[in-house]
Amino acid sequence: TQLSHFLHHAETNLSICNATQFKHSLELQGIGLHILTKVGDKILIDARISIGNIIHLKCRCTVWWNSADAKQKHSNTEVSAHSTDLPAHPPTKKVAYEKWYFEGGGYQFSGPPMRCDDNPNDLFMVPRDHMLHYKCDVHDQWWPVPTGFWVDESG
């Protein structure tokens, strides 16, 4: 299934330890790639997936869904990429963010889910004068955007 292939990809290419072991828990809840980004973190935590892995999985599933690997037919028993069970477009979700300036002040905005930074050790990165936080709906709290992730502030 697409879920199996994505979890295998997550385990082998994204360094999410034992990602393939999440398959059974996700399937029991009826969770597939087409709704993963819309599933509340609490449900996934209850399925024994750590918050770090939840963030990685949610950030990367849309990217993988649009990749050539996802479009490939892996076996004759799989659902066709043209099946009506699959969404026509990848899942989209808006996340609430806050930018807090170190010298005071800030503002809120919404945008797509944060993404893994492909170049976290960029030597030419400009020092930031702010911190970004995202709204966690499960805990109804603002959390700092983790190191190694970036936010598209253009909305």
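These lines cover the structure that appears in this document, whether it is placed above or below. (Residues numbered from 1 in each chain as written. Predicted model: local features only at pLDDT ≥ 70, side-chain atom pairs only at ≥ 80, totals over all residues. Heavy atoms only, no water.)

What about the overall build of the chain?
Reasoning step 1: Within the chain, the regular secondary structure consists of 5 helices and 6 strands.
Reasoning step 2: The linear arrangement of helices and strands in the chain, starting from the amino end, is α-α-α-α-α-β-β-β-β-β-β.
Reasoning step 3: The buried share of the chain, reckoned over its 155 residues, is 33%.
Reasoning step 4: Across the chain, the fraction of contacts at a sequence separation of at least 24, relative to all contacts at a separation of at least 6, is 55%.
Reasoning step 5: Carbon and sulfur atoms form 53% of the exposed surface of the chain, whose accessible area is close to 9900 Å². (Helix = DSSP H or I, 4+ residues; strand = E, 2+ residues; numbered from the N terminus. Buried < 20%, exposed > 50% of the residue type's maximum accessible area, 1.4 Å probe, protein only. Contact = heavy atoms within 4.5 Å. Areas by Shrake-Rupley, 256 points an atom, 1.4 Å probe, with all protein chains shown as cover.)

A word on the sheet that holds strand S2 (residues 106-111)
Reasoning step 1: If you walk across this open sheet you meet the 4 strands as S2-S1-S4-S5, and the pairing is antiparallel. The open sheet is flanked by S2 and strand S5 (141-144), the only strands paired with a single partner. The average undirected angle you get between the axes of adjacent strands in this sheet is 35 degrees.
Reasoning step 2: Where strand S1 (residues 95-101) meets S2, 6 bridges bridge the pair, whose relative direction is antiparallel. Note on S2: the bridge partner recorded for Tyr97 is Phe109. (Pairing = 2+ DSSP bridges. Axes fitted to C-alpha atoms, helices over the stretch in contact; angles between N-to-C directions.)

Things to note about the environment of Arg48
Reasoning step 1: Locating Arg48 in the fold gives a position in the loop between helix H3 (41-46) and helix H4 (51-65).
Reasoning step 2: Taking the C-alpha atoms as reference, Arg48 lies 8.2 Å from Ser25; in sequence the two are 23 residues apart.

Digging into the packing of aromatic side chains
Any aromatic ring pair is given by two values, namely how distant the centres are and how the planes are angled relative to each other.
Reasoning step 1: Applying the stated rule across the entire model yields 3 aromatic pairs.
Reasoning step 2: On the numbers, 5.4 Å between centres and 25 degrees between planes, the contact of Tyr97 with Phe109 is stacked. Here Phe109 lies in strand S2 and Tyr97 lies in strand S1, a separation of 12 residues in the sequence.
Reasoning step 3: For Phe109, a relative accessible area of 14% gives the class buried.
Reasoning step 4: Judged by centre distance (5.9 Å) and plane angle (45 degrees), the ring pair of Tyr107 and Phe109 falls under tilted.
Reasoning step 5: With relative accessibility at 37%, the residue Tyr107 sits in the partly exposed group. (Phe/Tyr/Trp six-rings, centres within 6.5 Å; stacked < 30°, edge-to-face > 60°.)

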